[in-house]
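Here are the chains, one letter per residue:
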Amino acid sequence: MMEPWDRAKTARALLAIDPAGLGGMTLRARSGPARTAFVNHIPKPHTRLHPAMATDDLIGGIDLASTLESGALKRKRGLLYRDTKLLVLGMAERADPQFTTLLAQRLDMDDSPCLIALDEGASEGETLPASLADRLAFHVNFDGLAISDIGVGPNASETQTYGGVHFPETLHHDLVTLAARLGIDSLRAPIFALRAAKAHALFRSDSTVRSEDIEIAVALVFAHRATRLPQEAADDTPPAPEPETQSEEQQENTTELPQEILLEAIKAALPPDVLANLANGTAKRGKGAGSGKRRIGNRRGRPMPARDTPAKSGSRIDLMATLRAGIPWQTLRKRALPDHAGAIIRPSDLRAKRYQEHSDRLLIFTVDASGSAALARLGEAKGAVELLLAQAYARRDHVALIAFRGTNAEVLLHPTRSLVQTKRQLASLPGGGGTPLATGLSAAIDMADHAKRKGLTPTVVLLTDGRSNIALDGTPSRAQAASDATAMADALNLQGTDAVVIDTGNRPERSLADLSKRLGGAYVALPRANAQRLSVAVATHLDQ
Amino acid sequence: MKQPFPFSAIVGQSDMKLAMILTAIDPSIGGVLVFGDRGTGKSTAVRALAALLPPITAVKTCPVNSAVPADCPEWANVTTKETHEIPTPLIDLPLGASEDRVTGALDIEKALTKGEKAFQPGLLAQANRGYLYIDEVNLLEDHIVDLLLDVAQSGENVIEREGLSIRHAARFVLVGSGNPEEGELRPQLLDRFGLSVDVASPTDIDERVEVIKRRDAYDTDYTAFMLRWQAEDATLRDRIISARKTLTKLKTSDKTLRDVAELCVKLGSDGLRGELTLLKAARAYAAYRDDTALTRSHIRDVAALALRHRLRRDPLDEAGSGTRVTRIVEDVLGA
């Protein structure tokens, strides 16, 4: 059993031995004594990075000041390409795809530096982007660490060539099989585990990898990557090592390692809640950051490289970039205009600032307008829409409303953030008829797709109290309707749209809970929901 | 300096490897798009590709790697007529690259120190007659994508800025890789890639073990490992060179052309680009296998590579376009 602090210590010691091969580590911890103690012990010199750094700073560009001073072109090297072998990334959970990719490309190179990513994410989804996490061997979580657990930092060992470490052949197979049983797809994981085991052998000043090295390596590398726990003697596990490997194992007595022992080592390294999720098979796989969630504007957000766009009204001039564009021409222009005093800047030199910002959200209320309770439900939905819109300015939400009944779905309110328009359009609401759930979801999919194209981030809120009984093609068949609804839910999930299912029935409907699972979204049972409670439920979900 | 991981040493991923070999045989097929999960060897394969490509003859000091002195652009002031052999260029287009860097711009140093207007070629010039590689192509900024689309279509890079009016040849094979979880690719850019491949981690344990072993050998026993695999790479390179020769003599019957056309109509792929690419890819494949005539089996084997990304997307079809292509190929050409 390894405490987080020990894990962090070991991880750091191994990184000191093989910095490039292991890539680095993620430390997930909120600000506190443990994090401070760890950060203080990060060896110097290191380069500190921040997710809001501009591309130029990271990968280099022209150094304007010294170019002007010396009269010759001077480039500055980006932070990622300087000689420092250790990068420390603060607030790693804020890294966007652009930043992540630049960093990942650097880590893929031969002489790559080692990255320590400090992840301060508060909620589950707020974490280091998966493409970066995959390139770092270790992950340590300081949750629930007591002050008394904090010891002194480890001694950094000398970097040694580790080509000489003996690694028994059969262990390759063991590592790969174990990774497969834990549902780890990326092949980087077993490679990291192998290198970590070798590094640990060196750490103990041994020339052969032994079982304890492997145990520690898998606990450090595999534990946080696991997406499932193998069932005891499960059917889908690959057959045990063949007889010949076993005989080899017997020769190598020191490295005989039943997989179960390694599994125990991994289990011990996992926090209990994660373990429970894994056992239920409900653990979420890392998703990409989703580039649909950002867009480029010229007013706010993270700075991007400047462009020579024609100056639109409202865009801001990037003075530095403009000067940079104009200065090389000064000698030539001065020749043409010898009497002109000062710098000659032409319109073509102008560079506009661009920023990347998070996009506005769009809430698509998809409301069941069938049956008897339809009018009440629609009325409350309308109320909730208006309540949410009232706060929309601060939260930058747009709202749309789709009602489905009979055999079709109707867009009652196109995406808007105008309260006035909403009140006018939702004045009269039709109700009654069958429940074409699939048709409603299909309309929501279309709208979400359009919204994404416009740079909005859609969330579908489904309000219903019953089972689907009209199929996609309008036939009243329960079985067909159910399978259509499932298919559309899958399509919505595939599209990557967030969803919430709000059950307004008097008794929670099991099929709706299943549907929300299909949608990959939350399920909220709100019997006799009123507008107030509805808007609170949606807002809570969105803030998660 | 460590050489990249050898191409032949990449375990499995036969589709990806085949697609890259085909474009090496016939660059006019037009590039490869590799989409897949993390840690599946996408970028490893592209970087390894350089070693496979036969060298090209280029005029010395020519910034766009022209084959004969007459092709050198005027602005470059190439005085020498000598040529030399250079490795096929494989140029990386980094994600954060500015427009100036890609198309080329005013040579700041010359302007500043000598007051001269001179053009400094960009990545597109360097990539002429070679490969342009974009990692995470789906995250590329829109204005760079627009620029690439324009150049890829015309084969010429045109720069019109204050006082500068420059054009030069920019014919390159576009190789893109990306992770679909990060975002989709614009259909217009998707079209520009001749072949597309979906890669996934191998599921076979033995294959995965082999991946780890080879990687380990590359790290620990570099010299011996390279000695063994560079020989394989050389064999593959020879095969590519001989396939280029075979390609010119390869016969294509009208019946095969009909097959290709029928297949594309059935699939409803947009435009004639699909047909053309499929035909070229099938011919390159036949040449690679050292066959003398193009047959149905060649078309069948490369149909998915050439057509998969040209179909309209169907959100309900979880199996993916590759399966759809295979199904229709079986319908049209027989299993």
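Bear in mind the structure is a predicted one, so any value in this text is a computation, not a measurement.

Reading the values: the criteria
- Residues numbered from 1 in each chain as written.
- Chains lettered and ligands numbered in written order.
- Predicted model: local features only at pLDDT ≥ 70, side-chain atom pairs only at ≥ 80, totals over all residues.
- Heavy atoms only, no water.
- Helix = DSSP H or I, 4+ residues; strand = E, 2+ residues; numbered from the N terminus.
- Buried < 20%, exposed > 50% of the residue type's maximum accessible area, 1.4 Å probe, protein only.
- Contact = heavy atoms within 4.5 Å.
- Areas by Shrake-Rupley, 256 points an atom, 1.4 Å probe, with all protein chains shown as cover.
- Pairing = 2+ DSSP bridges.
- Axes fitted to C-alpha atoms, helices over the stretch in contact; angles between N-to-C directions.
- Parallel < 35°, antiparallel > 145°, perpendicular 65-115°, else oblique.
- Nonpolar A, V, L, I, M, F, W, Y, C, P; charged D, E, K, R; others polar.
- Right-handed = clockwise from strand over helix to strand, strands pointing away.
- pLDDT = per-residue confidence, 0-100.
- Salt bridge = Lys/Arg side-chain N within 4 Å of Asp/Glu carboxyl O.
- Core = buried A, V, L, I, M, F, W, Y, C linked by side-chain atoms within 4.5 Å.
- Domains from an automatic or database assignment.

A.B. asks: Sorry if this is basic, but what is going on with the overall build of chain A here?
C.D. replies: Along chain A, the regular secondary structure elements total 22 helices and 16 strands. For chain A, the proportion of its 544 residues judged to be buried stands at 51%. Residue pairs in contact within chain A that sit at least 24 positions apart in sequence constitute 76% of those at least 6 positions apart. As displayed, chain A offers around 24,900 Å² of accessible surface, 52% of which is attributable to carbon and sulfur atoms.

A.B. asks: Before we go on, may I ask you to explain the sheet that holds strand 12 (residues 397–405) of chain A in this structure?
C.D. replies: Backbone-to-backbone hydrogen bonds join strands into a sheet, with any given pair of strands oriented parallel or antiparallel. All names here are of chain A. Strand order in the open sheet made by the six strands is 13-12-11-14-15-16, with mixed pairing throughout. Looking at the sheet topology across the chains shown, the edges are occupied by strand 13 (408–416) and strand 16 (522–525). Across the sheet, the mean angle from the axis of one strand to that of its neighbour is 15°, orientation sign disregarded. By the bridge criterion, eight bridges tie strand 11 (residues 361–368) to strand 12 in an arrangement that is parallel. Residue Arg-361 lies in a different strand from strand 12, and its bridge partner there is Asp-397. Most of the contacts of helix 19 (residues 437–453) go to strand 13, to which it runs at about 30°, and overall it touches strand 11, strand 12, strand 13 and strand 14 (457–464). Running at roughly 175° to strand 15 (residues 498–503), helix 21 (residues 510–519) makes contact with strand 14, strand 15 and strand 16 of the sheet.

A.B. asks: Even after reading the chapter, I still don't get the environment of Ala282(B), so can you show me in this structure?
C.D. replies: All names here are of chain B. The topology assignment puts Ala-282 in helix 11 (residues 273–288). A C-alpha to C-alpha distance of 7.9 Å links Ala-282 and Asp-301, two positions 19 residues apart in sequence. The contacts of Ala-282, once residues within four sequence positions are left out, are Leu-294, His-298, Ile-299 and Val-302.

A.B. asks: Would you mind going over the sheet that holds strand 2 (residues 47–49) of chain A with me for this structure?
C.D. replies: Residues and elements named next belong to chain A. Overall, parallel pairing links the five strands, which are arranged 2-5-6-1-7 in an open sheet. The open sheet is flanked by strand 2 and strand 7 (138–141), the only strands paired with a single partner. Sheet twist, expressed as the average angle between the axes of neighbouring strands with direction ignored, equals 20°. Direction of pairing for strand 2 relative to strand 5 (residues 86–89): parallel, over a ladder of three bridges. Bridge pairing in strand 5 places Leu-49 opposite Leu-89.

A.B. asks: Looking at this model, I keep getting lost on the packing of helix 1 (residues 4–17) of chain A against helix 10 (residues 211–221) of chain A. Mind explaining?
C.D. replies: Geometrically, a packed helix pair is captured by the angle between its two axes and the distance between the axes. Residues and elements named next belong to chain A. Contact pair helix 1 / helix 10: the axes reach a minimum separation of 11 Å and the direction vectors enclose 105°. Our classification of the angle between helix 1 and helix 10 gives roughly perpendicular. Only Ile-216, Ala-219 and Leu-220 of helix 10 make contact with helix 1, whose side of the interface consists of Arg-7, Thr-10, Ala-11 and Leu-14. Partitioned by chemical class, the residues of the contact of helix 1 with helix 10 number five nonpolar, one polar and one charged.

A.B. asks: Mind showing me how you'd approach the pairing of strand 16 of chain A here?
C.D. replies: In regular strands, side chains alternate between the two faces of the sheet. All names here are of chain A. When strand 15 meets strand 16, the two strands line up parallel, connected through four bridges. Across the sheet, the residue bridging to Val-501 is Tyr-523, located in strand 16. Between the parallel pair strand 15 and strand 16, the chain is carried across by helix 21, and the sense of this crossover is right-handed.

A.B. asks: I would appreciate a short explanation of the confidence of the model for chain A in the present structure.
C.D. replies: Reading predicted coordinates in detail is not appropriate for stretches of low pLDDT. Residue and element names in this part refer to chain A. Residues with a pLDDT of 70 or more make up 73% of chain A, whose mean pLDDT is 74. Residue range residues 232–255 is modelled with pLDDT below 50. Its contacts to residues more than four positions away, or to other chains, number 22 contacts. In this model residues 280–295 is a low-confidence stretch, pLDDT under 50, and it forms 36 contacts with partners more than four residues away in sequence or in other chains.

A.B. asks: Is there a simple way to explain the pattern of salt bridges in this structure?
C.D. replies: Oppositely charged side chains are able to pair whenever their charged atoms sit close together. All chains considered together, the criterion is met by 23 salt bridges over all chains. The residue Glu120(A) makes a salt bridge to Arg35(A) at a minimum N-O spacing of 3.2 Å. One end of the pair, Glu120(A), is in the loop between strand 6 (114–119) and helix 7 (130–133); the other, Arg35(A), is in helix 3 (residues 33–40), with 85 residues separating them in the sequence. Among the residues examined, Arg35(A) registers a relative accessible area of 14% and is labelled buried. Here Arg214(B) makes a salt bridge to Glu210(B), at a shortest N to O gap of 3.1 Å. Taken together, the residues span about one helical turn, with Arg214(B) and Glu210(B) both in helix 8 (residues 205–220) at a distance of four residues. Classification of Arg214(B) by relative accessible area gives buried; the value is 17%.

A.B. asks: Before we go on, may I ask you to explain the nonpolar core in this structure?
C.D. replies: Nonpolar side chains tend to gather and get buried jointly when the protein is soluble and globular. If you look at the biggest cluster of nonpolar residues, it comprises 65 residues, and the most contacted ones within it are Phe38(A), Phe138(A), Phe142(A), Leu182(A), Ile214(A) and Phe222(A). Considering each element in turn, this core owes the most residues, ten residues, to helix 9 (residues 188–203) of chain A. Counting residues domain by domain, this core receives three or more from each of domain 1 (1–159) and domain 2 (165–285) of chain A. Formed by 63 residues, the second largest nonpolar core is a distinct cluster that contains Phe5(B), Ile21(B), Leu278(B) and Val329(B).

A.B. asks: It is not clear to me how the pairing of strand 15 of chain A should be interpreted in this structure. Could you clarify?
C.D. replies: Residue and element names in this part refer to chain A. Most of strand 15 is tucked away, with five of its six residues classed as buried. Both strand 14 and strand 15 contribute to a ladder of six bridges, which runs parallel. Residue Thr-464 lies in a different strand from strand 15, and its bridge partner there is Asp-503. Where the polypeptide runs from strand 14 across helix 20 (residues 478–494) and back to strand 15, its parallel neighbour, the crossover connection is right-handed.

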